[in-house]
Amino acid sequence: MKTIRIKAPATSANFVCGFDIIGFAVESPGDEVELRFNAAKTIRITEITGSDSLSSNANENCAAYVLQLFCQKINTRQGLDIRLHKGVPIGSGLGSSAAGSMGVLYAANILFDSPLTDMELVSLAMQGEAFISGALHADNVAPCLLGGITLIPVQDPLQIISCPVPPDLGFVIALPDFELPTKEARKVLPETIALKTAVKQWGNVAGLVASLFRKDTEQLAMFLRDHIIEPARAALIPGFYQVQRAALEAGAFSCSISGGGPSLVAMTRHPSASGEIADAMKNAFTGAGLSCRCYVTRISKKGCERVDT
Ligand code: HSE
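Residues numbered from 1 in each chain as written. Predicted model: local features only at pLDDT ≥ 70, side-chain atom pairs only at ≥ 80, totals over all residues. Heavy atoms only, no water.

Side note on helix 3 (residues 118-133)
- Between its terminal C-alpha atoms helix 3 stretches 22 Å, which fits the 22 Å expected from 16 residues at 1.5 Å a residue.
- Where helix 3 is buried, its residues contact helix 1 (62-73), helix 2 (96-111), helix 4 (141-146), strand 5 (149-155), strand 6 (158-163) and helix 5 (182-187).
- Downstream of helix 3 by a residue or two, G134 has a phi angle that is positive, lying close to 85°. (Helix = DSSP H or I, 4+ residues; strand = E, 2+ residues; numbered from the N terminus. Expected span 1.5 Å × (residues − 1). Contact = heavy atoms within 4.5 Å.)

The following block contains the structure:
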């Protein structure tokens, strides 16, 4: 039976100040997903590698959940087997659930001869994000599917705008050795904010998007400040401010939380300085009593990609 194999990239949501509305795909890490028909008329997860903590029960797994939604939407009772090879760590702030579910949806759309549009695939994957985190957001699933930097200005009706990718940006992602489920990271967020804080934040978001479209990375740096989410979540990540300072002192022009954390993402206009930034972040996490791994990467213009042909 035909097997479709898909590579799905990790993603970093929020782009510092664009909570829930901006995210980008990175070149590494990524998941690999395999999907094939079975004769059992049921959706099964036959293998998971790269993670011990992910449930292979089809009723608890996000990728299997969105595949059920896909099958309902196209009105089929066809059985399907999923194999997940996790490269994106779970609970890392790197869009692990998005990579698994978007990869499976992309594979399913190929297996069934493209019945759904990209927008419909993103909408289904958003249901998976809500299943896992309790909140609908597309800032991981949209860039995971489409690659590059995506802006989701409106969720209903869903709108996705692909932003230009500055050519000279390098990223260092430092992932400390503990899991932080998005659901937990969202519990600490304020329900209301002061108007003057909101004005600062939407000014930064507007400046960020304008800088991307002007391909002006020097100007971009001015707007990468988060007045709302980072202050609330920093306490969830031991050593957050020390790691942030270490990255900036080592030459990064921005360092903040990737998605819901606990990974921190630092940006540089000099990708050759990435090794030094990674060492500085690692040392700072060690100083806070945490071991961490670092990914030195770039924005990926590719999203989900078929790799079995
Ligand atoms: N925008 C979401 C959040 C992304 O920050 O909670 C979760 O990966």
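Looking at the layout of surface pockets
- Space inside the largest pocket adds up to approximately 630 Å³.
- In this structure, the largest pocket is lined by 40 residues; those nearest its centre are I90, G91, S97, I132 and T182.
- Those elements that place two or more of their residues in the lining of the largest pocket are helix 1, helix 2, helix 3 and helix 5.
- Of the residues forming the lining of the largest pocket, the biggest block, 4 residues, is contributed by helix 2.
- Residue contributions to the lining of the largest pocket reach at least three from each of two domains, namely domain 1 (3-163 + 300-307) and domain 2 (170-297).
- As a volume, the second largest pocket reaches approximately 280 Å³.
- For the lining of the second largest pocket, the secondary structure elements donating two or more residues are strand 7 (170-176) and strand 10 (292-297).
- Within the lining of the second largest pocket, the residues separate by chemical class into 7 nonpolar, 7 polar and 5 charged.
- Two domains each provide a minimum of three residues to the lining of the second largest pocket, namely domain 1 (3-163 + 300-307) and domain 2 (170-297). (1 Å grid on protein atoms, 1.4 Å probe; cavity = no way out; pocket = protein on both sides within 12 Å on 5 of 7 lines; lining within 4 Å. Points joined across faces, edges and corners; volume = space filled by probe spheres on them. Domains from an automatic or database assignment. Nonpolar A, V, L, I, M, F, W, Y, C, P; charged D, E, K, R; others polar.)

Examining the site of the ligand
- The full set of residues close to the ligand is A13, N14, F19, D20, H137, D139, N140, T182, R186, R233, G259 and G260.
- One of the side-chain nitrogen or oxygen atoms of N140 is found 2.9 Å away from an oxygen atom of the ligand.
- Contact distances for the ligand include 2.8 Å between an oxygen atom and a side-chain N or O atom of R186.
- Computed on the free molecule, the ligand has an accessible area of 260 Å², of which 98% lies beneath the protein chains in the complex.
- Here the ligand occupies the largest pocket.
- The residue inventory of the shell around the ligand, partitioned by class, reads 2 nonpolar, 6 polar and 4 charged. (Near = heavy atom within 4 Å. Polar contact = N/O pair within 3.5 Å; in protein donor to acceptor, adjacent residues only side chain to side chain. Areas by Shrake-Rupley, 256 points an atom, 1.4 Å probe, with all protein chains shown as cover. Sits in = over half its atoms within 2 Å of the grid points.)

As for the side chain of S263
- Relative to the assigned elements, S263 resides in the loop between strand 8 (254-257) and strand 9 (264-268).
- S263 gets classed as buried once you look at its relative accessible area, which sits at 0%.
- At 2.6 Å, the side chain of S263 and the backbone oxygen of S92 are in polar contact. (Buried < 20%, exposed > 50% of the residue type's maximum accessible area, 1.4 Å probe, protein only.)

A look at the packing of helix 9 (residues 240-249) against helix 10 (residues 274-287)
- Taken N-terminus to C-terminus, the directions of helix 9 and helix 10 make an angle of 160°; their axes are 8 Å apart at the nearest point. Classified by the angle their axes make, helix 9 and helix 10 are roughly antiparallel. Crossing handedness for the pair helix 9 and helix 10: right-handed. When helix 9 is examined against helix 10, the residues Q242, V243, A246 and A247 are found in contact with a partner set consisting of I277, A280, M281, A284 and F285.
- Grouping the constituent residues of the contact of helix 9 with helix 10 by class yields 8 nonpolar, 1 polar and no charged. (Axes fitted to C-alpha atoms, helices over the stretch in contact; angles between N-to-C directions. Parallel < 35°, antiparallel > 145°, perpendicular 65-115°, else oblique. Left-handed = near helix turned anticlockwise from the far one by under 90°.)

As for the domain arrangement of the chain
- We note that the domain assignment places domain 1 (3-163 + 300-307) and domain 2 (170-297) within the chain.
- Each of domain 1 and domain 2 has a C-alpha centre, and the two are 24 Å apart.
- Each partner contributes to the interface: domain 1 provides 33 residues, whereas domain 2 provides 37 residues.
- At the boundary of domain 1 with domain 2, total buried surface from both sides reaches about 2,600 Å², with 67% on carbon and sulfur atoms.
- Run the count over domain 1 and domain 2 and you get 1 salt bridge.
- Ionic pairing is found between R186 and D20, a salt bridge with its closest N-O pair at 2.7 Å.
- There are 11 residue pairs in polar contact (both at pLDDT 80 or more) connecting domain 1 and domain 2. (Buried area = accessible area lost by both parts, 1.4 Å probe. Salt bridge = Lys/Arg side-chain N within 4 Å of Asp/Glu carboxyl O.)

As for empty space enclosed by the protein
- Tallying each qualifying case throughout the model produces 1 cavity of 30 Å³ or more.
- In this structure, the largest cavity encloses a volume near 30 Å³.
- Broken down by element, the lining of the largest cavity gets its largest block of residues, 3 residues, from helix 8 (residues 229-233).
- Broken down by class, the residue content of the lining of the largest cavity amounts to 3 nonpolar, 3 polar and 3 charged.

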